[in-house]
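Working through the structure, step by step
Each chain, written out:
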Amino acid sequence: MNNTTPPRGLLDEALQCHLIGMDPDVAQALRETLCAIAQACVRISDAASLGMLADADADADALAGRSHVQGESHKRLDQIADDLMAASLAGCRHVAAWASEEHEQPHVSHAHGAQGAHLVVFDPLDGSSNIEANISIGTIFSVLPHRYRGMAPGAADFMQPGHQQLAAGYVLYGPATLMVLTCRRGVLVFGLDRRGAAPQWVLACDDVRIAEHTREFAINASNQRFWEKPIQRYVAECVAGDSGPRMKDFNMRWVASMVAEVHRIMTRGGVFLYPRDTREPRRPDRLRLLAEAAPMALLVEQAGGRATNGTSDLLDLVPDTLHQRVPVILGSKDEVDRIVSYHADPSENVSWQLFKTRSLFVQPQA
Ligand code: AHG
Ligand code: MN
Ligand code: MN
């Protein structure tokens, strides 16, 4: 990532510059929807940063007979995040409907359901198993066109391939709160600056590029025995390092927050894999196409990387259902190209078999 670009203004004005040349009404609608999402994420960041203190405040308020901030602090953070996104989107005139990872069905805007130009999909809190441990978490979002204006949208209207997205992004609640955003014109990074009277999103980088080459991969290695052969081969070859067919050593990371993993890849390259596995035959895939895979795929491709399920580009997949899950492999282009080639013909080069009897952690008996 190029961090040398000086800040160039706040979110709304930066987007105005960024979207120059687009039809002015279309650009304004997109800006307003993105600002509504960004505003919700400021409040999610507030809630996340309170952490355990939210519960302490609630206990103190209960003892004193007071009601706490909207009576919300006892809720799980992913429910709070979901509520905050919904409230903000309900107030945006361009949002016809939204679909959250937390709800079976989409929610149609009471005021703007027929006329709004956008459908928004989001994972309000990604990596929520990390909340108690105070490890980075995030929000992922995707803006799709509402193609049949004049009619209130239903679930079928969300069944669009990722390449139809008008915009996509994530907000990372880490040591810094960052928003990484694409409107299909490259990838922008905004930092949340809390030094003034009101928090503000400030442009920090306007041209994120993912390094093409990498020596870092991210996968939940505890599932190794359940992976398919191309993934077994790829990881075995990475782990074999200098003495294997790749002839170089690799590093491995696993945060269990996709937002944090993707942000690391944006920053220094790497590849993220949540492949299909056979742990639970009824649920072979982990990540959701609409709320997680497609927005991350658009960001990664806009930053010069690649995103696939192993055989097809993630952006080409047309969802069958709102919560459809898919294998996800994304990041530095060279590595993803290699993994795709292993899927195309896993028997072509059998070098992985040299390593297939090795666990990642236990060397085979001599
Ligand atoms: P969510 O918290 O929205 O359910 O998503 C968590 C996802 C993703 O962020 C992460 O990469 C993956 O689940 C972690 O899965 P494991 O716990 O299987 O490692
Ligand atoms: Mn998630
Ligand atoms: Mn989630």
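Residues numbered from 1 in each chain as written. Chains lettered and ligands numbered in written order. Predicted model: local features only at pLDDT ≥ 70, side-chain atom pairs only at ≥ 80, totals over all residues. Heavy atoms only, no water.

Some thoughts on the sheet that holds strand β13 (residues 306-308)
If you trace the five strands from one edge of the open sheet to the other, you get β10-β9-β11-β15-β13, paired in mixed fashion. Among the strands making up the open sheet, the edge pair consists of β10 (251-253) and β13. Taken over all neighbouring pairs, the strand axes of this sheet differ in orientation by 15° on average, direction set aside. Of the strand pairs in this sheet, β13 and strand β15 (residues 328-331) are connected by three bridges, and their pairing is antiparallel. Bridge pairing in β15 links T308 to I329. Helix α5 (residues 229-240) rests against β9 (216-218), β11 (271-274) and β15 of the sheet, and its axis sits at about 140° to β9. (Pairing = 2+ DSSP bridges. Helix = DSSP H or I, 4+ residues; strand = E, 2+ residues; numbered from the N terminus. Axes fitted to C-alpha atoms, helices over the stretch in contact; angles between N-to-C directions. Contact = heavy atoms within 4.5 Å.)

Concerning the site of ligand 1
Ligand 1 sits among 16 residues. The nearest are D126, G127, N220, M258 and Y274. One nitrogen or oxygen atom from the side chain of D126 is found 2.8 Å from an oxygen atom belonging to ligand 1. Y274 places a side-chain nitrogen or oxygen 2.6 Å from an oxygen atom of ligand 1. Out of a free accessible area of 480 Å², ligand 1 has 86% covered by protein chains. Of all the elements in the fold, those that place two or more residues in the shell around ligand 1 are β3 (118-126) and β11. Here the shell around ligand 1 takes three residues from β3, the largest share from any one element. Grouping the amino acids of the shell around ligand 1 by side-chain chemistry returns seven nonpolar, four polar and five charged. (Near = heavy atom within 4 Å. Polar contact = N/O pair within 3.5 Å; in protein donor to acceptor, adjacent residues only side chain to side chain. Areas by Shrake-Rupley, 256 points an atom, 1.4 Å probe, with all protein chains shown as cover. Nonpolar A, V, L, I, M, F, W, Y, C, P; charged D, E, K, R; others polar.)

Quick notes on the nonpolar core
In terms of nonpolar packing, the biggest core is built from 42 residues, with L34, I37, F190 and W201 touching the most fellow members. For this core, the element with the most residues is helix α2 (residues 24-50), which contributes 12 residues. Residue contacts for L34: discarding those within four places in its chain leaves L15, F141, V143, A167, L181 and C183. Counting 37 residues, the second largest nonpolar core, distinct from the first, contains V189, A218, A260 and I265. (Core = buried A, V, L, I, M, F, W, Y, C linked by side-chain atoms within 4.5 Å. Buried < 20%, exposed > 50% of the residue type's maximum accessible area, 1.4 Å probe, protein only.)

Regarding the sheet that holds strand β5 (residues 167-173)
Pairing is mixed across the open sheet formed by eight strands, whose spatial order is β2-β1-β3-β4-β5-β6-β7-β8. The open sheet has two free edges, formed respectively by β2 (107-108) and β8 (200-205), since each of these has just one partner strand. Of the strand pairs in this sheet, β3 and strand β4 (residues 137-145) are connected by seven bridges, and their pairing is antiparallel. Bridge pairing in β4 places H118 opposite P145. Contacts between helix α1 (residues 11-18) and the sheet are confined to β6 (177-182), β7 (187-193) and β8, with β7 contributing the most and set at about 165° to the helix.

A look at the packing of α1 against α2
As a packed pair, α1 and α2 sit with axes 10 Å apart at the nearest point and diverge in direction by 150°. Considered as vectors, α1 and α2 are oriented roughly antiparallel to each other. Seen from above, α1 lies across α2 with right-handed handedness. Contacts between α1 and α2 involve L11, D12, L15 and Q16 from the former and R31, L34, C35 and A38 from the latter. For the contact of α1 with α2, a count of residues per class yields five nonpolar, one polar and two charged. (Parallel < 35°, antiparallel > 145°, perpendicular 65-115°, else oblique. Left-handed = near helix turned anticlockwise from the far one by under 90°.)

Points about the coordination of the manganese ion (ligand 2)
Surrounding the manganese ion (ligand 2) are the protein donor atoms D123 (OD), D126 (OD) and E292 (OE), which sit 1.8 to 2.2 Å from the metal. Here the donor residues of the manganese ion (ligand 2) are spaced in sequence according to D-x2-D-x165-E. A distance of 3.7 Å spans the gap from the manganese ion (ligand 2) to the manganese ion (ligand 3), which D123 bridges by coordinating each metal. Of this pair, D123 sits in strand β3 while E292 sits in helix α7 (residues 289-302), and the two are 169 residues apart along the sequence. Grouping residues by exposure puts D123 and E292 together as buried. (Donors = N, O, S within 2.8 Å, 3.2 Å for Na, K, Ca; no water.)

Observations concerning the side chain of T214
Within the fold, T214 resides in the loop between β8 and β9. A polar contact of 3.0 Å, which involves the side chain of T214, links it to the backbone nitrogen of E216. Among the polar contacts listed, one links the side chain of T214 to the backbone nitrogen of G270, at a separation of 3.2 Å. Residue contacts for T214: discarding those within four places in its chain leaves K248, F250, G269, G270, S332 and E335.

Considerations on the side chain of S45
Position of S45 among the secondary structure elements: in helix α2. Of the residues examined, S45 reaches a relative accessible area of 5% and is grouped as buried. Within polar-contact distance, the side chain of S45 engages the side chain of T177 at 3.2 Å. Not counting residues within four places of it along the chain, the set of residues in contact with S45 comprises Y173, T177, L192 and R194.

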